[in-house]
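# Remarks on the overall topology
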Amino acid sequence: MQFRILGPVEVVGGGGSVALGGTKQRATLGSLLLHANRVVATSQLLNSLWEVDDAPVTARKILQNAIYGLRGVLSGGSADARSVKLLTQPPGYMLRVDPRQVDLYLFQQLVAEGRQQLHSDPEAASRLLHEALGLWRGPVLADLVEAGMEWPELAALEKSRLDATEDYVDAQLACGRHHAVLADLERMVQAEPLRERSCAQLMLALYRCGRQADALSLYGRVRSVLIEDLGLEPGRGLQKLQQAILTQDSALSLEPAGARAAATVSLEARGLAPSGRREPAPAIGGGAAHGGPSLAAPAAPSDHCRTILDAAPSGGAPQEPPRPVGTERLRVGVLSVRTRLAVPLGASGREDLDDLLDGAASVVRQQIERFGGSVTASIGSTTLALFGLNAPGEDDVVQAVRAALAVRDVLDVFDGAGADGGGLSMCAAVDMGEVLLRQRRPGDAPTIVGAVLDASQSLLSDTDAGEVRVSDAVRRGTEDVFVSVPTETPTGAGWQVIGIVDEQLGKPEADASARSYELDFLQELVRRTQRCSAPHLVTLLGERGSGKTRLLRDLRHRITTRSEPARCLNGRTHASSGEHPLLAQAQLLADYCGVRPGADVAEARAAVDRAVRSLAPSQPTASRMAAQLARLFDPSAVRHETGPVLEAWCDFFREAARQSPLVLCLDDVHQADDAVLRAVEELAESADGALVVVAAADPSLLRRRPTWAGGKSHATTVTLDRSEAFTNEQLVSFLLSAAGSARPQMCG
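Scope of this entry: the structure provided in the associated data block. Just so it is clear, the model here is predicted, and its values are computed rather than measured.

### Examining the overall build of the protein chain
Along the backbone of the protein chain there are 28 helices and 19 strands. Counting the 748 residues in the protein chain, one finds 54% classified as buried. Counting contacts in the protein chain only where the partners sit at least 6 residues apart, residues at least 24 apart contribute 73% of the total. Of the roughly 32,000 Å² that the protein chain leaves accessible, carbon and sulfur atoms contribute 51%.

### Topic: a nonpolar patch on the surface
A surface patch of nonpolar side chains, amounting to about 270 Å² of accessible area, comprises Leu-194, Leu-230 and Leu-232. Since its relative accessible area comes to 48%, Leu-232 is described here as partly exposed.

### Points about the packing of helix α22 (residues 601–615) against helix α23 (residues 619–630)
It is the contact of α22 with α23, at a shortest axis distance of 9 Å, that shows an interaxial angle of 150°. On the basis of their axis angle, the class for α22 and α23 is roughly antiparallel. The element α22 and its partner α23 pack so that their crossing is right-handed. Contact residues: Arg-605, Val-608, Asp-609, Val-612 and Arg-613 in α22; Gln-619, Ala-622, Ser-623, Met-625, Ala-626, Leu-629 and Ala-630 in α23. Its residues assigned to classes, the contact of α22 with α23 comprises 7 nonpolar, 2 polar and 3 charged.

### Examining the packing of helix α25 (residues 643–659) against helix α26 (residues 674–686)
Orientation of α25 relative to α26, taken along the N-to-C sense of each, is 25°, at an axis distance of 10 Å. Judged by the angle between their axes, α25 and α26 are roughly parallel. Here α25 and α26 pass one another in a crossing that is right-handed. Every residue of α26 that contacts α25 at Leu-646, Trp-649, Cys-650, Phe-653 and Arg-654 is listed here: Ala-675, Val-676, Ala-679, Glu-682, Leu-683 and Ser-686. Across the contact of α25 with α26, the residue classes tally to 8 nonpolar, 1 polar and 2 charged.

### So, the pattern of salt bridges
Taken as a whole, this structure holds 35 salt bridges when the rule is applied. Among the salt bridges present, the one from Asp-163 reaches Lys-159, with a minimum N-O distance of 3.0 Å. Of the two residues, Asp-163 and Lys-159 are both situated in helix α8 (residues 153–174); the distance of 4 residues between them amounts to about one turn of the helix. Taking the relative accessible area as the measure of exposure, Asp-163 reaches 7% and is therefore buried. The residue Glu-681 makes a salt bridge to Arg-705 at a minimum N-O spacing of 2.9 Å. Here the residue Glu-681 occupies a position in helix α26, and Arg-705 occupies one in the loop between α27 (700–704) and β19 (715–719), the gap between them amounting to 24 residues. Taking the relative accessible area as the measure of exposure, Glu-681 reaches 10% and is therefore buried. Counted as one network, the salt bridges with shared partners bring together Arg-115, Lys-159, Asp-163, Glu-166, Asp-167, Asp-170, Arg-195 and Arg-197.

### Notes on the sheet that holds strand β15 (residues 536–541)
The strand order across the open sheet built from 5 strands is β16-β17-β18-β15-β19, with neighbouring strands paired in parallel fashion. Of all the strands in the sheet, the pair left with one neighbour each is β16 (567–572) and β19. Looking at each pair of strands side by side, their axes are set apart by 15° on average, direction ignored. Where β15 meets strand β18 (residues 691–697), 6 bridges bridge the pair, whose relative direction is parallel.

### Section: the sheet that holds strand β2 (residues 10–13)
The sheet built from 3 strands is open, its strands ordered β1-β2-β3 with antiparallel pairing. Taken across any chain shown, the strands that pair with only one partner, and hence form the sheet edges, are β1 (2–4) and β3 (16–17). Examined bridge by bridge, β1 and β2 share 3 bridges and lie antiparallel to one another. Opposite Gln-2, over in β2, you have Val-12 as the bridge partner.

### Focus: a negative patch on the surface
The grouping of Glu-51, Asp-53, Asp-54 and Glu-150 at the surface amounts to a negative patch. Here Glu-51 lies in the loop between α2 (42–49) and α3 (59–74). Judged by its relative accessible area of 52%, Glu-51 falls in the exposed class.

### Some details on helix α6 (residues 122–133)
Its 12 residues place the ends of α6 16 Å apart at the C-alpha level, agreeing with the 16 Å of an ideal helix rising 1.5 Å per residue. The set of residues buried in α6 consists of Pro-122, Ala-124, Ala-125, Ser-126, Leu-128, Leu-129, Ala-132 and Leu-133.

### Comments concerning unusual backbone geometry
Between Pro-90 and Pro-91 the backbone carries a cis peptide bond, its omega angle lying at 10°. On the secondary structure map, Pro-91 appears in the loop between β5 (85–89) and β6 (92–96). Positive phi, normally seen in glycine, also occurs at Asn-37, with a value near 65°. Among the structural elements, Asn-37 can be located in the loop between α1 (23–34) and β4 (40–41).

Calculation rules
Residues numbered from 1 in each chain as written. Predicted model: local features only at pLDDT ≥ 70, side-chain atom pairs only at ≥ 80, totals over all residues. Heavy atoms only, no water. Helix = DSSP H or I, 4+ residues; strand = E, 2+ residues; numbered from the N terminus. Buried < 20%, exposed > 50% of the residue type's maximum accessible area, 1.4 Å probe, protein only. Contact = heavy atoms within 4.5 Å. Areas by Shrake-Rupley, 256 points an atom, 1.4 Å probe, with all protein chains shown as cover. Patch = residues over 30% accessible without salt bridge, like charges linked within 9 Å, V, L, I, M, F, W, Y side chains within 5 Å. Salt bridge = Lys/Arg side-chain N within 4 Å of Asp/Glu carboxyl O. Axes fitted to C-alpha atoms, helices over the stretch in contact; angles between N-to-C directions. Parallel < 35°, antiparallel > 145°, perpendicular 65-115°, else oblique. Left-handed = near helix turned anticlockwise from the far one by under 90°. Nonpolar A, V, L, I, M, F, W, Y, C, P; charged D, E, K, R; others polar. Pairing = 2+ DSSP bridges. Lys, Arg positive; Asp, Glu negative; His and termini not counted. Charge placed at Lys NZ, Arg CZ, Asp CG, Glu CD. Expected span 1.5 Å × (residues − 1).

Take a look at the structure:
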C-alpha cells in the first residue's frame, strides 16, 4: 500500500486506488501522514479540520468517525495493509507506516542522496533529484487546499521543493545542460523573483547560451525588485556574478566533462554564485505551490551545447592543425561584424580610442571562436570570420548566426550607455558560399578569396545598428533554427534574424527579455483588439538605448512563433528617408504581399496587384489602388508627391484588417515627415477591423506633434526607460579589460 500526498491525497493498494471517503476523513489522513510515526494530539487534528471558532459541538465525534472510517480503509487483506497501523495513543493518534510507503519521505530520501552526489558526481545527482521531483503530482494535499484547508506545514514543504529544484538545476548546469533548464528557470524566477540562487542560476544559464545581454538585464530587474520591495541590494554573490559576466570571466565557461564538477565548486569558492550546499531536509519533507516548476528529464546536451562546450575559451584560442600546401575550395559561412564606438576620450585621444577598439575587437573574436569560427581579418571596426574553414560541417552557417547573436547580446548591453549619448553598438551580416583557399608555404597565412566575401560586406553596409542580417540562402538553410523576417533599406534587401527556435522542444525559445512585462502587455492588447475588432494606436517612447527596436523585434517573434491569429509586419523610417520618404510604408506593404527581399520592381508590383485584387471591393477600386501602391517601389515616383500613395496605403491596410487581425510595427517614426505621421494616425483611428499600430519613437516626436494620439479612446503610450544605466566609465573598463586579457603578458 502506497500513500501519496505530494499532490491530491491518494492511497494505492494491490487493486488500485482506494476510496477514502469525505473531506474530513481525507484531511485526517493527510495530517497523520505529515506526522507519520509520531503521535498527533487530538486538539491538533481538530485544529487542522476546523478554524478555532468554527468547530461544531460534535467536532470530536466527527473526528472519531473519521478515524473509524480510516481504520476500515487500512484494514485490507494485503500484507502491506497489515503493516500499516492507526493507533490510539494519548494524547491522540499515531499512524505507523514504513516511510518507504509514503511519497513525501521517499522524496526526502532521494533528495538527501542527490545532494551528497552533487559535487562529486553531478550526473548521478541529476538522476536522483529528477526522480525525487518526479514524485510530485501537483501542490501538496491539493484536494484539501482546494477545499479550504490552510496548514502552516505547507509553506515549509514549498520551500523544500524549491530547494531541491535548485539543487537539480545545479546538477544540470554542471553537466552542461543549460539549454534544458532554461525555460523552467525563467518560470521559476518569474514566480519567485526574490530567490537569489535561482536568479544566479538563470543568469549563468543565459550567459552559457550566448545571451549575455539577457543575463545582465535579469540582474537589473532583480536588483530593482529587491530595492523596491525590501530596500536591499543584491547579495555579494549575485553582484560578483554580474561583474564576472561583464568581464567574461573564464570561470563562467564550461570546462571539459571531467572537470565540470570542479568548475562548479570553483564558482562557489570565488563567490560568483550562491552556494548550492543545503542543510539536511526537515522531517516534514519537500513541498510545492500550485503551478510550481517541473523541470524536464535529464537529456544529453544538444549539438549546439556540445559546440559551446568544445569551443569554450579556456585561456586562449584553440590550436589549429597545420594546413597542407596547395589550393582548395571550401563551402563556408561568412560572418561580418561592424562595431560603433562613441565614448568621450581623455587627453590621450587616439591612443585611448585604439585601446577601446582593440577591446571591442577582442570581444567579437572571443564570441566567434566560442562558436567554432576563425577570424580571418580585423580592420578598424570591422571583423570578418569564416565558419567551416578548418573542419567543415553541416551546421557551419548556423554557428555563424549564433555567433552574430552572441556578439549582439554582449555589445548591445552598452548601446546608448552614457548620459551624453555615447555607447557601443554593433551590426552583423551572415552569408554562405564557396571560397578559394591557397596555402603557398607551410606556416604562412593562407590567402582566401571569393565573391561571397564581398557579398557579406555589401550586406553589412545595409544593416542597421543592433541588427543581424542574413542572405536569402542563409535564411533558407537555417529556417528550422532561427526566425527571420524580410527587411529592406534604401540600398538593398535581406532578412533580419529576430529570434531562435528552441532545438529540444521544437517551439520558440522562452522570453528572457528585459522588456517581458511590456511584451506581455502588447500581446494582451493585440488579443483585446481582436476580441473587440477595433483599432488601437500604441506609441513606444524612449531615448536611444531604451530598447524600442528590440521590443518591436521581440513582439514580432512572439506573435509569429506562438501561433497567434494576427499577422505582425515591420517597417522602419531611416534617417536618410529623403531618398525614399515612404520606405517604411513600402516595407510593410512588401511584407504583407510576400515580396521577397531583392525582388525586382516588376515582381513586387505583380505581388501587390494580386493582394489588392483579393481585398478591394470592386475592380475599379482595385485598379486605382494598385496603380498608386506600385509607386512605393519606385523612390523617384514618390519623392515629390506622397499624398495619393499614402491614401491608397491606408485604404489597403483598412481592407486587410477587415480580413484578418494585423499588427503594424513602425520604428523610428520621429524621423518621418508630417504627411506620414498624419496618415499613421488616421489609419489607426479610422480602421474598422482588428488593427494595432505600434509606433516607436524618441521624445522628439511629441515636441514636433504635441497632440500626437492625444484625446483618442483607442490610443496608448508606453514610456521605456533604460533598463540598466551602464556608464561610460563601465564601458571603458569593460573594453580595456577585454583588450588586456587578449594580449600576451610581457616580462621584465
